[in-house]
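Structural features, examined
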Amino acid sequence: MYVLWQKLKRYNIIFLLKFTIQVIIAILKSLINLFFPKVCYACTTYLLDNEETICTNCRHDLPTTNFHFSNDDSVKKVLRGRANIEHATALFRFEKEGPVQQLIHSLKYKGYEHIGELLGDWLGGELAELKTYQNIDMVIPVPMHPKKLKKRGYNQVTKFGQQIAEALNVAYVDDVLIKITNTTSQTTKKRVARWSNSNELFALRNISKIENKHILLVDDIITTGATLEACCLVLNQAKHLKISIATMAIA
Ligand SMILES: [Zn+2]
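Computed from a predicted model, the values in this text were never measured in an experiment. (Residues numbered from 1 in each chain as written. Predicted model: local features only at pLDDT ≥ 70, side-chain atom pairs only at ≥ 80, totals over all residues. Heavy atoms only, no water.)

Examining a nonpolar patch on the surface
A cluster of nonpolar residues, Phe15, Phe19, Val23, Ile24, Ile27, Leu28, Leu31, Ile32, Leu34, Phe35 and Phe36, forms a patch on the protein surface that exposes about 1200 Å² of accessible area. Position of valine 23 relative to the elements: it lies in helix H1 (residues 2–35). Given the relative accessible area of 34%, valine 23 is considered partly exposed. (Patch = residues over 30% accessible without salt bridge, like charges linked within 9 Å, V, L, I, M, F, W, Y side chains within 5 Å. Areas by Shrake-Rupley, 256 points an atom, 1.4 Å probe, with all protein chains shown as cover. Salt bridge = Lys/Arg side-chain N within 4 Å of Asp/Glu carboxyl O. Helix = DSSP H or I, 4+ residues; strand = E, 2+ residues; numbered from the N terminus. Buried < 20%, exposed > 50% of the residue type's maximum accessible area, 1.4 Å probe, protein only.)

Dropping the structure here:
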């Protein structure tokens, strides 16, 4: 009888201890949420406990292009006559002052690198289901100049590209296409236009890695296509190269 009583007491103490710890953790979590509430990176409303990075509404309402599902060639059209592209798509339509701008701004300038992971998982998961993107050999990011990379700490396209590469089960290769000229916000459009027609912006290293390959070039936003055009111009120094493009958004 005594032994049984001892056993019961011990179980009760362990149970009580576990319960107390759980309560303390719950209180701490609520306090953290109260003082540092998680908000949606697209629309800034408060996130629920089961939501990460963006809210459920934004998941449904963000302006996805679905170009890759409908074989829409809007991204290819931007580069028509300037670069030879196999397939091209963008996850979202970029609208000024809209949630996509908010999302990409937070990714680029506020240090929220993990937004790139979310977008890469999103687009990568969709591309992995499509026959058109099955013969991609590797994912290559539009590179950042080493000086800019040091200043920002990360290339906003890295996580996006890595997640797409993982979804497609191919390599992520960032030692082939290199940025050699540091373009800053002070750089004039005229100079960029001149650069994009020459080989002054980007350079190739380890060229043999991409010969006879089909690469998926990834970037954040395609607007005029000047950057991607400059990349393609340099990449095409490699023999028998096929280029497809995937961006987070199209403006
Ligand atoms: Zn939202």
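There's more to say after this.
Brief notes about helix H8 (residues 158–168)
In an α-helix, one full turn covers 3.6 residues, which means residues spaced three or four apart are oriented alike. Among the residues of H8, Thr158, Phe160, Gly161, Gln163, Ile164, Ala165 and Leu168 are the ones counted as buried. Of the surrounding secondary structure, the elements contacted by the buried residues of H8 are helix H6 (114–127), strand E2 (138–141), strand E3 (171–172), strand E6 (214–222) and strand E7 (242–250). Looking at the residues trailing H8, positive phi occurs at asparagine 169, about 60°. (Contact = heavy atoms within 4.5 Å.)

A look at the environment of isoleucine 104
With respect to the helices and strands, the residue isoleucine 104 is situated in helix H5 (residues 99–109). Residue classification places isoleucine 104 among the buried positions, given a relative accessible area of 2%. Sequence-wise, isoleucine 104 and isoleucine 221 are 117 residues apart; in three dimensions their C-alpha atoms are separated by 8.8 Å. Aside from chain neighbours lying at most four places away, what touches isoleucine 104 is Ile221, Met248 and Ala249.

Re the UniProt feature "transmembrane region" (unreviewed entry) in the protein chain
Mapped onto this structure's residue numbering, the UniProt feature "transmembrane region" (unreviewed entry) falls at residues 12–36. Counting secondary structure, residues 12–36 comes out at 96% helix and 0% strand; the distance between its end C-alpha atoms is 36 Å. (UniProt positions renumbered as here; feature names shortened; annotations may be inferred.)

Some remarks on the packing of aromatic side chains
If you walk through the whole model with that rule in mind, you get three aromatic pairs. Stacked on the ring of tryptophan 122, the Lys or Arg arginine 59 has its end atom at 5.3 Å from the ring centre. (Phe/Tyr/Trp six-rings, centres within 6.5 Å; stacked < 30°, edge-to-face > 60°. Lys NZ or Arg CZ within 6 Å of the ring centre and 35° of its normal.)

So, the coordination of the zinc ion
For the zinc ion, the full set of protein donor atoms is Cys40 (SG), Cys43 (SG), Cys55 (SG) and Cys58 (SG), at a range of 2.3 Å. The coordination sphere of the zinc ion comprises four donor atoms, whose angles at the metal cover 107 to 115°; the geometry is tetrahedral. If you list the donors of the zinc ion from N- to C-terminus, the spacing comes out as C-x2-C-x11-C-x2-C. Taken together, the residues span a long stretch of sequence, with cysteine 43 in the loop between H1 and helix H2 (56–61) and cysteine 58 in helix H2 at a distance of 15 residues. (Donors = N, O, S within 2.8 Å, 3.2 Å for Na, K, Ca; no water. Tetrahedral: all angles 85-135°; square planar, octahedral: opposite > 155°, others 65-115°.)

Quick notes on the pairing of strand E1 (residues 88–93)
With five of six residues buried, E1 lies mostly within the body of the structure. Bridge count between E1 and E7: five bridges; the pairing is parallel. Each bridged residue has a counterpart across the sheet, and for alanine 90 the counterpart in E7 is threonine 247. (Pairing = 2+ DSSP bridges.)

Digging into the side chain of threonine 247
Tracing the chain through its elements places threonine 247 in strand E7. Overall, threonine 247 belongs to the buried group, its relative accessible area being 0%. From its side chain, threonine 247 meets the backbone oxygen of alanine 249 in a polar contact 3.0 Å long. (Polar contact = N/O pair within 3.5 Å; in protein donor to acceptor, adjacent residues only side chain to side chain.)

Here we look at the pattern of salt bridges
All chains considered together, the criterion is met by six salt bridges. We note a salt bridge from glutamate 229 to arginine 82, for which the minimum N-O separation is 2.7 Å. Residue glutamate 229 is found in helix H10 (residues 226–235), and its partner arginine 82 is found in the loop between helix H4 (74–78) and E1; the two are separated by 147 residues along the sequence. For lysine 209, the salt bridge is made with aspartate 175, and the minimal N-O distance between the two is 2.7 Å. With lysine 209 in the loop between strand E5 (202–204) and E6 and aspartate 175 in the loop between E3 and strand E4 (177–179), this residue pair connects regions lying 34 residues apart in the sequence. Look at lysine 209 and you get partly exposed, because its relative accessible area is 37%.

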